[in-house]
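# Examining the three-dimensional arrangement
These are the residues of each chain, in order.
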Amino acid sequence: MKIIFMENKTTKMIKSSLFISLAYFVGTKSLYAIDQNKTNLVLQPHSQRELSKQIVPKVVYRATVTQPNLLFLTGFERVWNGNNRKELYRNDLSYHLIYHFLFPELNFEENSFLQTQNPSSFVSTTSNREIAYQSAINILNSYENSPLHPYYRRDFYIYEIVPRENFISVADTYERELQNEITNSNKDKYINLRMLNTFYNSEQEYAALGSIPAQSLISATLFRYNLETKRFEQLETISNSYFDANLRPALHSNDYPIGTIPNSQNVNFMYRYSGCEVPFRSESQVSSIRLKRESNESRCNFSELYKRKQIKMPKELFKNNAIQIQVKDKIGNSYCLVPYKRYIYVDDCNIQYANNNWLYTEFGQLIAEINDGENDQYFCLSEQKNQDSSNYLKMEICDLTNDKQHWSFIENNLSQINLISQSGKNVKLGSNYYLYLEDNHTDDNLLILSHNKINENISFPLIQFEVSFIMKEKKRIISFRMSEHYILHDYYDMINKKYRFEKLTLYPKYTGTAYFDEISELEEYRNFYNAHNHSLFSNYGNDNKGSQVCYYSTLDEEGGGNSKGDIKHDYCSNQDELEVKFQWFFQKERKGTQYEIFDNGKNIMRKNSDYSYAYTANEKGWTDDTSYLQNFTLNSPASIYADKYSIIEKMKEKLGIQIKNESTLFAFASLYDHFSGIYKIDSSATKKSRE
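Residues numbered from 1 in each chain as written. Predicted model: local features only at pLDDT ≥ 70, side-chain atom pairs only at ≥ 80, totals over all residues. Heavy atoms only, no water.

Moving on: the overall build of the protein chain. When helices and strands are tallied, the protein chain shows 16 helices and 45 strands. Looking at the protein chain as a whole, 53% of its 691 residues qualify as buried. In the protein chain, the share of contacts with a sequence separation of at least 24, taken over all contacts with a separation of at least 6, comes to 69%. Surface accessibility of the protein chain: about 32200 Å² in total, with carbon and sulfur atoms responsible for 47%. (Helix = DSSP H or I, 4+ residues; strand = E, 2+ residues; numbered from the N terminus. Buried < 20%, exposed > 50% of the residue type's maximum accessible area, 1.4 Å probe, protein only. Contact = heavy atoms within 4.5 Å. Areas by Shrake-Rupley, 256 points an atom, 1.4 Å probe, with all protein chains shown as cover.)

Before going further, it helps to examine the pattern of salt bridges. Counted by the stated rule, this structure contains seven salt bridges. Between Lys 425 and Glu 383 there is a salt bridge, with its nearest N and O atoms 3.9 Å apart. Taken as a pair, Lys 425 in the loop between strand 23 (417-421) and strand 24 (426-429) and Glu 383 in the loop between strand 20 (376-382) and strand 21 (394-397) lie far apart in primary sequence, 42 residues in all. Per residue, the accessibility class of Lys 425 equals that of Glu 383, and both read buried. (Salt bridge = Lys/Arg side-chain N within 4 Å of Asp/Glu carboxyl O.)

Okay, the environment of Asn 418 next. The topology assignment puts Asn 418 in strand 23. Of the residues examined, Asn 418 reaches a relative accessible area of 5% and is grouped as buried. Once residues lying within four places of it in the same chain are set aside, the contact partners of Asn 418 are Ser 408, Phe 409, Ile 410, Asn 412, Asn 445, Leu 446, Leu 447 and Ile 448. Reaching out from Asn 418, the side chain makes a polar contact with the backbone oxygen of Leu 446 at a distance of 3.3 Å. (Polar contact = N/O pair within 3.5 Å; in protein donor to acceptor, adjacent residues only side chain to side chain.)

What follows deals with the side chain of Ser 547. Residue position: Ser 547 is located in the loop between strand 36 (535-538) and strand 37 (549-553). Here Ser 547 falls in the buried class, since its relative accessible area comes to 14%. Looking at Ser 547, its side chain comes within polar contact range of the main-chain oxygen of Asp 372, at 2.5 Å.

Bringing the state of the cysteines into the picture now. Using the criterion set out here, one finds three disulfides in the structure. Covalent S-S linkage joins Cys 336 and Cys 349, the inter-sulfur distance amounting to 2.1 Å. The S-S bond linking Cys 336 to Cys 349 shows a torsion near 105 degrees; that makes this disulfide right-handed. Residue Cys 336 is located in strand 16 (residues 334-340), and its partner Cys 349 is located in the loop between strand 17 (343-347) and strand 18 (359-360); the two are separated by 13 residues in the primary sequence. For Cys 336, a relative accessible area of 0% gives the class buried. (Disulfide = S-S within 2.5 Å.)

The next point concerns the confidence of the model for the protein chain. Summing up the model confidence of the protein chain, the mean pLDDT is 78 and the portion of residues at 70 or higher is 72%. Between residues 1-51, whose pLDDT stays under 50, and residues either more than four places distant or in other chains, the model counts 121 contacts. Contacts for the low-pLDDT stretch residues 301-307, under 50 throughout, to residues beyond four places or in other chains number 21 contacts. (pLDDT = per-residue confidence, 0-100.)

Attention now moves to the packing of helix 8 (residues 170-183) against helix 9 (residues 187-194). Closest axis-to-axis distance for the helix 8/helix 9 pair is 8 Å, and the angle between their directions is 155 degrees. By the angle between their axes, helix 8 is roughly antiparallel relative to helix 9. Crossing angle aside, the handedness with which helix 8 passes helix 9 is left-handed. Only Lys 189, Tyr 190, Leu 193 and Arg 194 of helix 9 make contact with helix 8, whose side of the interface consists of Tyr 174, Glu 177, Leu 178, Glu 181 and Ile 182. Broken down by class, the residue content of the contact of helix 8 with helix 9 amounts to five nonpolar, no polar and four charged. (Axes fitted to C-alpha atoms, helices over the stretch in contact; angles between N-to-C directions. Parallel < 35°, antiparallel > 145°, perpendicular 65-115°, else oblique. Left-handed = near helix turned anticlockwise from the far one by under 90°. Nonpolar A, V, L, I, M, F, W, Y, C, P; charged D, E, K, R; others polar.)

One non-glycine residue with positive phi stands out, namely Lys 341, at about 50 degrees. Turning to its location among the elements, Lys 341 is positioned in the loop between strand 16 and strand 17. By relative accessible area, which is 64% here, Lys 341 ends up exposed. Of note, the phi angle at Arg 342 is positive, near 75 degrees, even though the residue is not glycine. When you line up the elements, Arg 342 lands in the loop between strand 16 and strand 17.

Attention now goes to the environment of Gln 179. Tracing the backbone through its elements, the reader meets Gln 179 in helix 8. Residue class for Gln 179 comes out buried when judged on its relative accessible area of 1%. The sequence separation of Gln 179 and Tyr 190 amounts to eleven residues, and the corresponding C-alpha distance is 8.6 Å.

Moving on: the nonpolar core. In terms of nonpolar packing, the biggest core is built from 39 residues, with Phe 469, Tyr 529, Leu 536, Phe 586 and Met 605 touching the most fellow members. At seven residues, the largest contribution of residues to this core is made by helix 16 (residues 662-679). Ignoring anything within four residues of it in the chain, the contact list for Met 605 reads Phe 469, Leu 506, Phe 516, Leu 536, Ile 567, Trp 584, Ile 597, Tyr 615, Thr 616, Leu 629, Gln 630 and Phe 632. Residues Tyr 360, Ala 368, Leu 393 and Leu 437 belong to the second largest nonpolar core, which totals 35 residues. (Core = buried A, V, L, I, M, F, W, Y, C linked by side-chain atoms within 4.5 Å.)

Now for the pairing of strand 19 (residues 366-371). Inspection of the sheet shows strand 18 paired to strand 19 by two bridges, in the antiparallel sense. Within strand 19, the residue paired with Tyr 360 across the bridge is Leu 366. Following strand 18, the chain reverses through five residues before pairing antiparallel with strand 19; Gly 364 in that reversal takes a positive phi of roughly 80 degrees. Once strand 19 ends, the chain turns through four residues before running back antiparallel as strand 20, passing Gly 373 with a positive phi of about 105 degrees. (Pairing = 2+ DSSP bridges.)

Quick look at the packing of aromatic side chains now. With the rule as written, the count across this model stands at 40 aromatic pairs. The interplanar angle of 5 degrees and the centroid separation of 5.0 Å between the aromatic rings of Phe 156 and Phe 223 together place this pair among those described as stacked. Highlighted residues: Phe 156 in strand 7 (residues 155-161) and Phe 223 in strand 11 (residues 217-226), separated in sequence by 67 residues. Just as Phe 156 is buried, Phe 223 falls in that class too. For the ring pair Tyr 507 and Tyr 525, a centre distance of 5.8 Å and an interplane angle of 70 degrees mean the geometry is edge-to-face. Of the two residues, Tyr 507 sits in strand 33 (residues 501-508) while Tyr 525 sits in the loop between strand 34 (514-518) and strand 35 (527-530), which places them 18 residues apart along the sequence. For Tyr 507, a relative accessible area of 13% corresponds to the buried category. Note on Tyr 525: relative accessible area 28%, which makes it partly exposed. (Phe/Tyr/Trp six-rings, centres within 6.5 Å; stacked < 30°, edge-to-face > 60°.)

Residue pairs spaced three or four apart in an α-helix point in one direction, given the helix's 3.6 residues per turn. Buried within helix 13 (residues 314-321) are the following residues: Pro 314, Leu 317, Phe 318 and Asn 321. For helix 13, the angular spread of the buried residues around the axis is 95 degrees, confining them to a single face. Where helix 13 is buried, its residues touch strand 18, strand 19, strand 20 and strand 35. (Arc of directions from axis to C-beta.)

For the rest of this paragraph, the subject is the environment of Gln 234. If you trace the backbone, Gln 234 turns up in strand 12 (residues 231-239). Put simply, Gln 234 and Asp 155 are 79 residues apart on the chain and 9.9 Å apart in space, counted from C-alpha to C-alpha. Ignoring any residue separated from it by four or fewer positions in sequence, one finds Gln 234 in contact with Arg 129, Thr 221, Leu 222 and Phe 223.

Structure below.
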């Protein structure tokens, strides 16, 4: 049977996706071919006989920290806790793979607590012992401050297992489903599924449904971390006296449902986040649709995923990587850069100022500590947007949406290092020892002496940005007033025959509470989001240079109860963790295309239609007596955060996953991914001049 898709714009795009864009694919046999006249895309499904063939591995492997004196008696078992899992999804094979990818720690130890958190009914095994070994090492190496770290939990075991009839070949299931989409001539589903090849095949997994009895466990090989060599070493292999030597390897027939197939774009994001590298293969290199079982085509550094499970506070970044920046003037005198009252000047490096250390980040930020009049903050070196005649450099609130805070160290034709702004201007030293910018390239450019040390200490960026959240409300006017009482009604434009809308945003009022007002009335006010400590704060109308105030929710307990609470503000710092009442998050509304802002207790930010003050309320525990608004449009960094946060939250809600911070971790990574595409510098901070 052959299915022919005639060539048009759509199929050209499909071809492009198949041959070029699918860089995530691993080795597959061509399911399609180009005929001789090269005008038709021909899909050739395998025969049912070919599909029915299954390779049954003699043994499979599973790594865990659980000791054999327990598992040789109990085996591996998934006990369902109905309060934490939903019947619809716990037997879903595709969702199981997502669990295993996102939360491998739930699948790494057989204890009652983790199993109540584990929403999958499957026990993961692999036919490749090396994959089991490497996965265990990556997980253990990632927990630097937990009992799972090698310095605390130094042993793990790889169990050798005989597969039985409840073992499902993930690769065969995927291959069967892929063939079904070809037979059904469903191009969109086929392309999405084809792009998930690595997701379904890279672990060479055989998933056991329900349990693996103790009689199927052949042995357990012990691996222990050597504190001297700092390597895991294989020690003894312990045989299972309860193993049934009469067992013969078997698999579930190839008819188990593949489950809910995820969107390939979301999966690719997860792979980028986890540090996976999937090799590109051209059409001429593709040899077999069945994944080569003896090689691990996908190289996934899962330790990167778990390093990001602990989002470092800016204070820790500064502590680990901040250095002095030594410079030289045109007559050969050497100094260090020092921020002073938000300007930058130079002074003797040996004078131990508290704030003469700088952080240079992957995104080209130059960060130093500044006191904003109330708290110590980390501010960024900034080229002025509205340049005056002096054009002196200043320190401002760090904002990744502001490209005037991106700096490069450029090597000139004389092999000297200069500091250059994003706009290409040169940093120079004035006669008053303050730094300024100038267009011309002359020999009086500031020379950087410590560029080697800067290269060695490039830091993770400060993920902080201006956030624009706008609420649209029908303009209302007073139609009747008596003393202090009045009646409002919606303003209708009789000429244009439509209601007039206002664009509102949040600002901190001098009374200590937060209000909404028209954007046109708040030109000097800016709101920012710090993705490290989840603070939502304002410049307080001080043009990015004054004391900043953080909004906080007075409903900071989980769930919010059956009341509402005003949103207030207080002076705060962006350096370290804050109280939970200061934490805010973004998510997509359940129905529609707009977004919501909520506090740590899931209380939604709202505005009552009749008043201007801002408050939070829980949708399940509070009912407003009048109409209200709670939907916003967001600028791109915040909307990216909200989209990724919502994807994981919806998945967790469907599947009953109780782990709380995974959504914020993925949202944080999405911001890093977004800004990496804009600002990511080379591994070396120093670049060659293009002149």
